[in-house]
Amino acid sequence: MKKILYSLLLVLAFGSSTQLDARPYDAAKVEQVLAQAHALYKDDKSGANADYIPALAKVDSERFAIAVVTVNGEVFTRGDINTRFSIQSISKVFTLALAMEQKGAEAIRDKIGVNATGLPFNSVAAIELNEARAVNPLVNAGAMATVSLIGGDKAEQKWQAISAWYEQFATTKLGVLEEVYSSESNSNGHNLAIAELLKSYGRFYGDVDINLDIYTRQCSVGVTTKELAMMASVLANGGTHPISGERLMSADNVERVLAVMTTAGLYETSGQWAYTVGLPAKSGVGGGIIAIMPGKFAIAAFSPRLDGAGNSVRAQKAIGYIADKAKANIFSHQD
Ligand code: GLU
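Residues numbered from 1 in each chain as written. Predicted model: local features only at pLDDT ≥ 70, side-chain atom pairs only at ≥ 80, totals over all residues. Heavy atoms only, no water.

### Quick look at the overall build of the chain
For step 1, the next point in the chain: Counting its secondary structure elements, the chain contains 15 helices and seven strands.
For step 2, the next point in the chain: Whereas a compact globule of 335 residues would reach a radius of gyration of roughly 20 Å, the chain reaches 19 Å, a difference of no more than 12%.
For step 3, the next point in the chain: In the chain, buried positions account for 58% of the 335 residues.
For step 4, the next point in the chain: In the chain, once contacts between residues fewer than 6 apart in sequence are set aside, the share between residues at least 24 apart is 70%. (Helix = DSSP H or I, 4+ residues; strand = E, 2+ residues; numbered from the N terminus. Rg over C-alpha atoms; globule rule 2.2 N^0.38 Å. Buried < 20%, exposed > 50% of the residue type's maximum accessible area, 1.4 Å probe, protein only. Contact = heavy atoms within 4.5 Å.)

### Some details on the site of the ligand
For step 1, the next point in the chain: Around the ligand, a shell composed of Y52, Q88, S89, F121, N140, E184, N191, Y215, C219, Y267, G284 and V285 is seen.
For step 2, the next point in the chain: Between the ligand and the protein, one listed contact pairs an oxygen atom with a side-chain N or O atom of N140 at 3.1 Å.
For step 3, the next point in the chain: Residue Y215 places a side-chain N or O atom 2.7 Å away from an oxygen atom belonging to the ligand.
For step 4, the next point in the chain: Bound to the protein, the ligand loses 99% of the 300 Å² it would expose on its own.
For step 5, the next point in the chain: When the residues that make up the shell around the ligand are grouped by side-chain class, the tally is six nonpolar, five polar and one charged. (Near = heavy atom within 4 Å. Polar contact = N/O pair within 3.5 Å; in protein donor to acceptor, adjacent residues only side chain to side chain. Areas by Shrake-Rupley, 256 points an atom, 1.4 Å probe, with all protein chains shown as cover. Nonpolar A, V, L, I, M, F, W, Y, C, P; charged D, E, K, R; others polar.)

### As for the pattern of salt bridges
Pairing between side chains becomes possible if they bear opposite charge and their charged atoms approach one another.
For step 1, the next point in the chain: The tally for this structure, following the rule as stated, stands at 14 salt bridges.
For step 2, the next point in the chain: Residue D44 is joined to K317 by a salt bridge in which the shortest nitrogen-to-oxygen separation is 2.5 Å. With D44 in the loop between α2 (27-41) and α3 (54-57) and K317 in helix α15 (residues 313-325), the pair connects residues that are 273 residues apart, well separated along the chain.
For step 3, the next point in the chain: D80 is paired through a salt bridge with R63; the nearest N and O atoms lie 3.6 Å apart. (Salt bridge = Lys/Arg side-chain N within 4 Å of Asp/Glu carboxyl O.)

### Some details on the pairing of strand β2 (residues 75-79)
Each regular strand shows side chains that alternate between the opposite faces of the sheet.
For step 1, the next point in the chain: For strand β1 (residues 65-70) and β2, the ladder comprises five bridges, and the chain directions are antiparallel. Residue pairing across strands places I66 opposite R78, the latter belonging to β2. (Pairing = 2+ DSSP bridges.)

### Considerations on the nonpolar core
For step 1, the next point in the chain: Within the largest apolar cluster, 78 residues are counted, with the highest numbers of intra-cluster contacts made by F94, L228, M231, L235, V257 and M261.
For step 2, the next point in the chain: The element contributing the most residues to this core is helix α12 (residues 225-236), with eight residues.
For step 3, the next point in the chain: What F94 contacts, discounting residues up to four positions off in sequence, is W165, Y166, F169, M231, A232, L235 and I290.
For step 4, the next point in the chain: One finds A27, L279, I289 and A326 within the second-largest nonpolar core, a separate group that totals 29 residues. (Core = buried A, V, L, I, M, F, W, Y, C linked by side-chain atoms within 4.5 Å.)

### Quick word on the packing of aromatic side chains
For step 1, the next point in the chain: Following the criterion strictly, the structure yields seven aromatic pairs and no others.
For step 2, the next point in the chain: Between the aromatic rings of F121 and Y267, the centroid separation amounts to 5.1 Å while the plane-to-plane angle is 40 degrees, which identifies the pairing as tilted. Of the two residues, F121 sits in the loop between α5 (105-111) and α6 (125-129) while Y267 sits in the loop between α13 (251-264) and α14 (270-276), which places them 146 residues apart along the sequence.
For step 3, the next point in the chain: Residue Y267 is classed as buried on the basis of its relative accessible area, which comes to 5%.
For step 4, the next point in the chain: Ring geometry for W165 against F169: centres 4.9 Å apart, planes inclined by 65 degrees, an arrangement best described as edge-to-face. Taken together, the residues W165 and F169, both in helix α8 (residues 155-170) and four residues apart, mark about one turn of the helix.
For step 5, the next point in the chain: A relative accessible area of 8% means that W165 is categorised as buried.
For step 6, the next point in the chain: Taking relative accessible area as the criterion, F169 reaches 0% and is therefore assigned buried.
For step 7, the next point in the chain: By way of ring pairs, the aromatic residues F94, W165, Y166 and F169 are connected into one cluster.
For step 8, the next point in the chain: Just above the ring of Y205 sits the side chain of K111; from NZ or CZ to the centre is 4.9 Å. (Phe/Tyr/Trp six-rings, centres within 6.5 Å; stacked < 30°, edge-to-face > 60°. Lys NZ or Arg CZ within 6 Å of the ring centre and 35° of its normal.)

### So, unusual backbone geometry
For step 1, the next point in the chain: Backbone geometry places R133, a non-glycine residue, at a positive phi of 60 degrees.
For step 2, the next point in the chain: Within the element layout of this structure, R133 appears in the loop between α6 and α7 (140-149).
For step 3, the next point in the chain: Positive phi is not limited to glycine here, since K327 has a value of about 50 degrees.
For step 4, the next point in the chain: Relative to the elements of secondary structure, K327 occurs in the segment after α15.
For step 5, the next point in the chain: Residue classification places K327 among the exposed residues on the basis of a relative accessible area of 62%.

### Structural notes on α8
For step 1, the next point in the chain: An ideal rise of 1.5 Å per residue puts 22 Å on 16 residues; α8 measures up with 23 Å between its terminal C-alpha atoms.
For step 2, the next point in the chain: Residues of α8 that are buried include every one of K158, W159, I162, S163, W165, Y166, E167, F169 and A170, and no others.
For step 3, the next point in the chain: Residues of α8 that are buried in the fold lie against α4 (91-103), α7, α11 (208-219) and α12.
For step 4, the next point in the chain: Downstream of α8 by a residue or two, T171 has a phi angle that is positive, lying close to 55 degrees. (Expected span 1.5 Å × (residues − 1).)

### Focus: the confidence of the model for the chain
For step 1, the next point in the chain: With 92% of its residues at a pLDDT of 70 or more, the chain shows a mean pLDDT of 92.
For step 2, the next point in the chain: Contacts for the low-pLDDT stretch residues 1-9, under 50 throughout, to residues beyond four places or in other chains number nine contacts.
For step 3, the next point in the chain: Low pLDDT, under 50, characterises residues 15-23; the predicted model gives this stretch 13 contacts beyond four residues in sequence or across chains. (pLDDT = per-residue confidence, 0-100.)

### Digging into the environment of G142
For step 1, the next point in the chain: Relative to the assigned elements, G142 resides in helix α7.
For step 2, the next point in the chain: Its relative accessible area of 0% is what places G142 among the buried residues.
For step 3, the next point in the chain: Expressed as a C-alpha distance, the spacing of G142 and L228, which sit 86 residues apart in the sequence, is 22 Å.
For step 4, the next point in the chain: Setting aside its immediate chain neighbours within four residues, G142 contacts I112, V135, N136 and P137.

So this is what it looks like as structure tokens:
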């Protein structure tokens, strides 16, 4: 019954369908919208690759891909769909999900914080300005502290837990992009300073070097846009994987992860994103962005040039276009 309702919602979202068959919505229409989004923004050269991590500056700026995975497990793709890039901060969403499953939603709220900082992703001031030293799990400070919450006595055990968790979402093996990992490890002084500062305030829950290294590894995981959309589809489907059928997280925890994505997923421009697009989303400085329409689908887009806040320019535009065409906005009244 639930599946049929989802299908009907997809019909409404992506346009008319003449019949409810195995493909209950108009697949051609979805393909067309993705093609339009790609064509509209493929020549947009605004923004620039991240360069504070030297390996990211070398990524081909012209790469551009879009993928949609529906809660029924159907996959639509466009562009450079086989290009592998570093997941970067989008990893924070999935490590948050794991920490929440392990420690509970209250622990995240109390030990990390869940309010937007309104400041850049690597802000030291955000920690200093807030008396409780609370940040949120989607900025660097909170994300490193979230890694420190993950269970496991040894670094390797912890890393295995995190990478296996990502792979369950992606339904495939994923690896670390070694060039990105070593480049980021060699230019990580700022993150080290943030982690030490949090630790000095009693807001970091393990060894700084070990957890910083795991955080750096998780940011260097390589994904394709399709794999990213696949990972995000679990959040669109209330915690159950649309493909494997496996429940990976509780529906309650999905709601909380989506809440933090809504307020902090695009850093200091999260308010503007919610105002214009209205979908929980998360960006990474590798050029990827995921966006979730709960109960319907997940979108992932990738292109390396970023705006001043660190969000991919083309990915934001493509997702905004698709969301608009699909009438997907979590703040909309749904009939
Ligand atoms: N690994 C990056 C860092 O720690 C992630 C930042 C991002 O993607 O926003 O700076």
